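Results of the structural survey
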Amino acid sequence: MADTADTGTGQGTPALRKASWRYIGPGIVVAATGVGAGDLVATLVAGGRFGYTLLWAAVIGCLIKISLAEAAGRWHLATGRTLFDGWRGLGPWTTVYFAGYVVVWGFVYGAAAMSSSALPLAALFPDAMGLKWWAILCGLAGLAFVWFNRYAVLEKAMTILVGVMFLVTVYLAVRVTPNLPDAFAGLVPVLPEGSLVYTLGLIGGVGGTITLAAYGYWVNAKGWRDAGWMKVMRLDNRVAYLTTGIFVVAMLIVGAELLHSSGIALAKGDRGLIDLGAVLEDQYGAVTAKLFLIGFFAASFTSLLGVWHGVSLMFADFVARFRKAGGGASGEGAPAEKSLPFRAYLLWLTFPPMALLFLDKPFGLVIVYGVVGAFFMPFLALTLLWLLNSSRTPAEWRNGWLSNGMLGAAGVLFLVLCVEQVRELPW
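Residues numbered from 1 in each chain as written. Predicted model: local features only at pLDDT ≥ 70, side-chain atom pairs only at ≥ 80, totals over all residues. Heavy atoms only, no water.

Moving on, we come to the packing of helix H5 (residues 92–124) against helix H17 (residues 376–387). One way to put it is that H5 packs onto H17 with a least axis distance of 12 Å and a crossing angle of 150°. On the basis of their axis angle, the class for H5 and H17 is roughly antiparallel. When you trace H5 past H17, the crossing you get is left-handed. The residues of H17 that touch H5, namely those facing Trp-93, Thr-94, Tyr-97 and Tyr-101, are Phe-376, Phe-379, Thr-383 and Trp-386. (Axes fitted to C-alpha atoms, helices over the stretch in contact; angles between N-to-C directions. Helix = DSSP H or I, 4+ residues; strand = E, 2+ residues; numbered from the N terminus. Parallel < 35°, antiparallel > 145°, perpendicular 65-115°, else oblique. Left-handed = near helix turned anticlockwise from the far one by under 90°. Contact = heavy atoms within 4.5 Å.)

Okay, structure coming up:
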């Protein structure tokens with residue numbers, strides 16, 4: 001591509017850098033953050049109920065997440081503007097929605113992330129301290145790590161934890177001796193009776209959170225700030241969701257072989273992984289069970305660290321754009337990680353949610369969280385579809401037919417999941 005291609009902004013397009021494995025980083029962070037304990041439980045339950053039948057749904061889910069994260073990264077690189085800057089251009093309703101979402105979601109998610117990280121630690125060290133205190137310790141550890149370190153250190157830490165997750169999940173999948181003919185048969189789309197909700201959840205749930213929107217901010221934090229990094233970003237994103245796909249397939253194999261064949265049902269939520277640890281210990285010994293708990297902790301704590309960093313970057317950008325009252329594209333990417341709004345949201349994620357560790361979640365808050373949260377993924381998919389087909393994006397980087405198809409399918413899928421989630425709320 002020529003160095004001087006017209007972008008529609010009066011500036012030339014930077015020469016495209018060659019995609020290289022040595023640049024990979026933000027994708028690892030988004031993959032590690034997006035796959036938490038809840039996603040692993042959902043995959044295990046699907047494997048436990050339906051065996052390998054829904055493997056195809058897990059694969060499609062990863063392809064959809066590739067398209068969403070690629071779209072977020074492409075917006076940041078092609079326009080030099082942040083995602084919230086793009087949302088502001090769609091009207092004030094996006095500001096109202098995001099403000100409500102990020103405050104309520106952060107309050108409830110903070111408690112959930114701390115509890116999820118604490119569960120495997122409490123199981124590994126049952127006599128050390130209670131679950132609530134482990135949860136508080138995890139929250140404080142995440143706060144301190146993100147507060148005192150920049151993105152480069154976060155990326156290195158996440159890469160190590162992803163390596164632990166990868167080794168543990170693949171080891172478990174091999175340990176339970178997968179039935180390869182059945183697994184390959186599961187790549188053929190089939191909907192068993194009663195599987196529709198599980199299928200949609202498997203496609204939409206694994207690795208699908210606000211952290212997909214944070215991907216563009218991590219791309220900027222890495223130092224990728226213009227379209228010259230587009231090929232690098234796309235390789236990075238594909239590696240991320242290939243990794244996610246391996247996690248998902250490995251856990252579905254464990255569910256199919258260990259739970260489906262034995263008729264074992266897991267508890268709902270993150271505690272289902274503690275149940276699985278007990279099953280593994282019974283069948284394969286204490287060492288395998290402890291390795292699994294270490295992998296469980298890695299999956300949970302990477303989600304905590306990623307949200308503490310990535311969503312704080314988004315909140316800092318939200319505050320900066322709100323203060324500018326619609327100021328144009330600065331091309332500077334996300335605000336500094338040491339900014340006051342970044343640190344204020346870090347504190348919001350950490351300390352107020354600790355109250356929920358000692359009290360049952362207030363009924364009204366659960367409803368508000370469920371309603372506001374359910375709308376975020378369709379909001380992300382459909383606004384990206386809007387932005388990347390408009391004149392806000394340079395012509396050469398606008399959506400093609402494949403991107404439009406994937407984002408459109410994601411929008412419809414998440415709208416259906418949104419309706420299902422709202423219907424299931426305890427009104």
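For the rest of this paragraph, the subject is the side chain of Thr-288. Mapped onto the fold, Thr-288 is located in helix H13 (residues 286–324). Judged by its relative accessible area of 3%, Thr-288 falls in the buried class. Among the polar contacts made by the side chain of Thr-288, one reaches the side chain of Tyr-171 at a distance of 3.1 Å. For Thr-288, the residues in contact, after removing those within four places along its chain, are Tyr-171, Leu-172, Arg-175 and Leu-280. (Buried < 20%, exposed > 50% of the residue type's maximum accessible area, 1.4 Å probe, protein only. Polar contact = N/O pair within 3.5 Å; in protein donor to acceptor, adjacent residues only side chain to side chain.)

A rise of 1.5 Å per residue sets the reference length of H5, with its 33 residues, at 48 Å; its end C-alpha atoms lie 48 Å apart and thus fit the reference within 8%. Most of H5 sits out of view: 24 of its 33 residues are buried. (Expected span 1.5 Å × (residues − 1).)

Confidence along the protein chain averages 84 in pLDDT terms, with 86% of residues attaining 70 or more. Within the protein chain, the element-level pLDDT minimum falls on helix H16 (residues 363–374), averaging 59, and the maximum on helix H14 (residues 340–350), averaging 96. Confidence over residues 1–11 falls short of pLDDT 50; this stretch has 22 contacts with residues more than four positions distant or in other chains. In this model, residues 326–335 is a region of pLDDT below 50 whose contacts with residues beyond four sequence positions or in other chains number 25 contacts. (pLDDT = per-residue confidence, 0-100.)

Attention shifts here to the environment of Asn-220. With respect to the secondary-structure elements, Asn-220 resides in helix H10 (residues 211–221). For Asn-220, a relative accessible area of 4% translates into the label buried. A distance of 2.8 Å separates a polar atom in the side chain of Asn-220 from a polar atom in the side chain of His-76.

Membership of the largest hydrophobic core comes to 137 residues, with the highest contact counts inside it found for Leu-68, Leu-83, Trp-87, Leu-276, Trp-308, Phe-376 and Leu-380. The biggest single contributor to this core is H13, with 18 residues. Phe-376 has contacts with Trp-87, Tyr-97, Tyr-101, Ile-210 and Ala-213, leaving out every residue within four places of it along the chain. (Core = buried A, V, L, I, M, F, W, Y, C linked by side-chain atoms within 4.5 Å.)

What follows deals with the layout of surface pockets. Its volume calculated, the second largest pocket comes out at about 330 Å³. Forming the boundary of the second largest pocket are 16 residues, of which Ser-67, Glu-70, Arg-238, Leu-402 and Ser-403 lie nearest the centre. Of all elements in the fold, only helix H3 (55–79), helix H11 (230–260) and helix H18 (401–423) reach the threshold of two or more residues within the lining of the second largest pocket. Counting residues per element, the lining of the second largest pocket draws most heavily on H3, which supplies 5 residues. Classifying every residue of the lining of the second largest pocket by side-chain character gives 5 nonpolar, 5 polar and 6 charged. (1 Å grid on protein atoms, 1.4 Å probe; cavity = no way out; pocket = protein on both sides within 12 Å on 5 of 7 lines; lining within 4 Å. Points joined across faces, edges and corners; volume = space filled by probe spheres on them. Nonpolar A, V, L, I, M, F, W, Y, C, P; charged D, E, K, R; others polar.)

This part covers empty space enclosed by the protein. To find the voids left in a structure, one rolls a probe of water-molecule size over its atoms. Overall, the coordinates contain 1 cavity of 30 Å³ or more when judged by the stated rule. In this structure, the largest cavity is lined by Leu-40, Met-165, Val-168, Thr-169, Phe-247, Met-251, Leu-273, Phe-292, Gly-295, Phe-296 and Ala-299. Tallying contributions element by element places H13 first for the lining of the largest cavity, with 4 residues. Taken together, the residues that form the lining of the largest cavity break down as 9 nonpolar, 2 polar and no charged.

With that out of the way, let us pick up the pattern of salt bridges. The tally for this structure, following the rule as stated, stands at 8 salt bridges. Residue Arg-74 pairs with Glu-70 through a salt bridge whose shortest N-O separation is 2.9 Å. Of the two residues, Arg-74 and Glu-70 both sit in helix H3, 4 residues apart, roughly one turn of that helix. The same class applies to Arg-74 as to Glu-70, namely buried. Two residues, Arg-321 and Asp-317, come together in a salt bridge whose shortest N-O distance is 2.9 Å. In this pair, Arg-321 and Asp-317 both sit in helix H13, 4 residues apart, roughly one turn of the helix. If you follow the salt bridges from partner to partner, you end up with Arg-81, Asp-85, Asp-317 and Arg-321 in one network. (Salt bridge = Lys/Arg side-chain N within 4 Å of Asp/Glu carboxyl O.)

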